[in-house]
Each structure stands twice: as structure tokens, then as C-alpha cells.
Amino acid sequence: MPTPTDWRTGLRIDTDVLVAGGGAAGVAAAVTAARRGLKVTLVERYGFCGGGAVAGMSGTVCGLYAATADPGAPPEQVVFGFADEFVRLLESRGGLTAPVRYGKTYTRVHDPLVWREAADHVLREAGVQILFHTTVTGALLDGDRVGGLAAYSKEGPLDLRAKITIDASGDADVVAMAGFPSFVGDEGRVQNPTMIFRLGGVDTARFLRAYGADTIMPEVVSELLRAHNGKGYFLPRAKIWLFTTTRPNELLCNCTRIIGPDGRELNTLYARDFTDGELDGRRQVREYWRFFRDHVEGCAASWVNDTGVQVGVRQTRQARGITLLANDDILRGAKFADGIARSPWPIELHAGAKPRVEWLLDDFYEVPYGCFVPQRGDGLLVAGRCLSAQHEAVASARVTAQCFSYGHAVGHAAAMCLESGVEPRALAGAAVRDRLNRDGARLDAETALA
């Protein structure tokens, strides 16, 4: 065994596929590539996987079901593959609710502890080497080719060499470290972060009788919030989402609106903005809880049970890919020959005082493979919410079910590149789509929407 002083000299690890980030996309990519017989290493800065779904406590698996104007329509699932597999695993462990109404569609609420354990299970079963508590510090470049990553852990500096690297950081960190093209939001303007929290001690039966089953709260709640904002409470957001969970007497609360002192949306790429988000987020949690306790049916005996490990981040930096998912691709239900993921999720834009939701009804759009291939550079693929997409498109394409789908596709793409000896940009997206269909993605399946 080396002594602690020996560790400072560094450690080299060689792997076929290296995945930076253990959110939904990173887990799906790592597991998929490992199942193809590759040596896969996953690097994650926390001591668990889950990303925004767990550390940020977004708490729901959104993007599985079609939206429709018919309020009586049952949920119609249109997204399968790895997303469906992980959902079934959560179900089997008691960590997922039945579908709950979310406006014109449905979502499902997960238990973040079960999510972590489910990710542990599939990663270990697939034989993925996991490096928790490890932070990526740089890209290892040979010209314009990424050959791995530099990282740091308590063991000291790490030299991680890979044939294919996958940036599943959520923030396009590897793309930026490599100096490849990227962009931030709408000319630098991003969606605001939210500190999501859980409320225990709620009489959920009374709550549901008062406000109904739709998790987007009705106008009566928004009116109460507007009436009390600035009058003993600080309640900057009046349109809120409240979800019953797998746990008895609990609500998952997506309420806070965190902005800078100058009124701008905070960008968590900046350390000061990220810090302000954490500080103000926790302050707002207490404000909303006091309001719920005093004015919302069923919440009189409630308490704050938990908050996200970090503020929930919706948008930061996007990779500039060989394809750009456009804003109008969403609402026109665009389909592509190299479409490797489906999404029926609306544009859900959290910017300004009130979230804006624009629905795609009785349809879905597809996301092309090229959105995950950097415009410049080799040896690198992208997976997750940092895909190449315009501002409003990201407001739809960033959610959990789709991130699972992106990781599923990119994991297969990495394996196909290594099997055929080609770079990601030379791989045909249609071939990735075909491989996904053979692995349960059902991208060409007939549905009631087709």
C-alpha cells in the first residue's frame, strides 16, 4: 500500500470510455458503454450519482408522457429505452410514485435516496469503475483530440486516459476546458436556479381536497402568494409546483425564484452567483415554508424536511455541436433521420417573475445525434442538458427522461466509434438510432401519436 505522501505524486488510470458527471445522462452513458464490453470509468464530484435529479432535488422524472388537451386522458408513455428501465428499477424499489398530473401531461416523483441506490446498482452490475469525490480539473489534449481528463481527489492528482471521453457535466465543462466552441443561454441570459425542498408533516389528503391533483398549483394559491408577498413574507414567485411524494405526509416544493441583487438571473458558472444562489435559496425555503404553514391547507403542522444538496440548476453553458436544436423544433414536433431521443415535454422557461410553459400537444419532437458531437475536436461526445440547443429549446430538452435517453444514445455511440475505429463526427446518427431501437428505445415504434 502506498503511504499518503506517495499519493501526492499522482495516479494514472487508462480506460476505454471516461464519463465526466454522474447525473441521469452520465449514468445511462456509462452503463450502456460498459454493457457493450468496454472498460468504463465514471467521475463524479459528489459521493453519489443523480446530478440535478438528486443533488438539485428536481425530484421528478419528467418527459416520459405525451401532453394532451383532454384532462381525462390517461398517461401515454412515448419515451422508452434506458429511461424506462431506470423507472422500472425505481418502481421495484418503492422509490417512484404513479404518474401525477402536471398541467396537460404527467410526471412521476422519485425518492432521491432510492435514486442514488438504483444508480449504484446498475453501475456496479455493469462493471463501471466509479470515482466519487473526484473533480475534473482539465482536458488532456493532443492537438484537437481529447485523450482524457485531469482530475483531483483526496488521493491526489489523477491522470485519466481514455479513447473516448463523454462530457456529462451538465455545464459543458470538458468542452470549455478543451477550448472547443460553446455558448451561454440567450446571449448570456439563462434560466434562474431554484432551491427545491421537501415539506414533512403535511396532511396531504386535506391538501389534495383543497387544491386538486394537478401539481401545478391553481390560481387560488398564486393569488394568496401575491397578496402576502412583501407583507411579512418574501415570496418572489407566485406560480409554483407542489408534488405529493412516495413518503407519507410529504410535499416536494418547487417554489423559489433566485435572482441576483440587481434583478438578473443568476448564472451558476460564476462562483459568486452559485454562492448567492445557495444563500438566498435557503432563505427563501424558510419564507415559503412559513407561508405554507400559515396559509396553505394541510400545512399547519409542517416542517422543512430537506433541501437540495445544492441549488437546482436549469441552464448554464451549452456545447456548440455540429447540429443545433432550434427553438421552433420543439413546438413543431420536428423529426430527424438521426433523431436519437424523443421528447414530448413543453418549453418550460423559468426566467422572469413567472415560469412560461408552451405545450406540444399530441406529438413529440426528436433530438438529433449531431447535438451531442462538438463542432470542433475529436475523441469527445456530450450528454445531458449541455447539448447543443437554443435557449428555449433547452427549456424543454433538459429534463430527466430525455437526459437518460441522451446518455443511452451517447453510450452506444462511444462503443460504435471504438468498434469501427472512427471519430464521433464520422459516425452516422442513423446508425446510432438503429442501435438504440435494437436496445429497446422504440424510436420507430407506432404510437397513438403517430
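Residues numbered from 1 in each chain as written. Predicted model: local features only at pLDDT ≥ 70, side-chain atom pairs only at ≥ 80, totals over all residues. Heavy atoms only, no water.

Enquirer: So what about the sheet that holds strand E3 (residues 60-61)? Which residues, and what values?
Expert: The sheet built from three strands is open, its strands ordered E3-E5-E4 with antiparallel pairing. For this open sheet the edge positions go to E3 and strand E4 (100-102), each flanked by a neighbour on one side alone. As paired strands, E3 and strand E5 (residues 105-109) are joined by two bridges and run antiparallel to one another. The residue of E5 that forms the bridge with Thr60 is Val109. (Pairing = 2+ DSSP bridges. Helix = DSSP H or I, 4+ residues; strand = E, 2+ residues; numbered from the N terminus.)

Enquirer: Run through unusual backbone geometry, naming residues and quoting values.
Expert: Although it is not a glycine, Met57 sits at a positive phi angle of roughly 50 degrees. For Asp362, which is not glycine, the phi torsion reads 55 degrees and is therefore positive. Judged by relative accessible area, Asp362 falls into the partly exposed class, the value being 42%. (Buried < 20%, exposed > 50% of the residue type's maximum accessible area, 1.4 Å probe, protein only.)

Enquirer: Residue-level account of the nonpolar core, with values.
Expert: In this structure, Trp115 and Ile166 are the most contacted members of the largest nonpolar core, which totals 82 residues. With 11 residues, the top contributor of residues to this core is helix H12 (residues 400-420). Residue contacts for Trp115: discarding those within four places in its chain leaves Gly23, Ala24, Val27, Cys49, Gly50, Ala53, Val54, Phe86, Leu90, His110 and Phe404. Within the second largest apolar cluster, 29 residues are counted, among which are Leu199, Val221, Val285 and Val311. (Core = buried A, V, L, I, M, F, W, Y, C linked by side-chain atoms within 4.5 Å. Contact = heavy atoms within 4.5 Å.)

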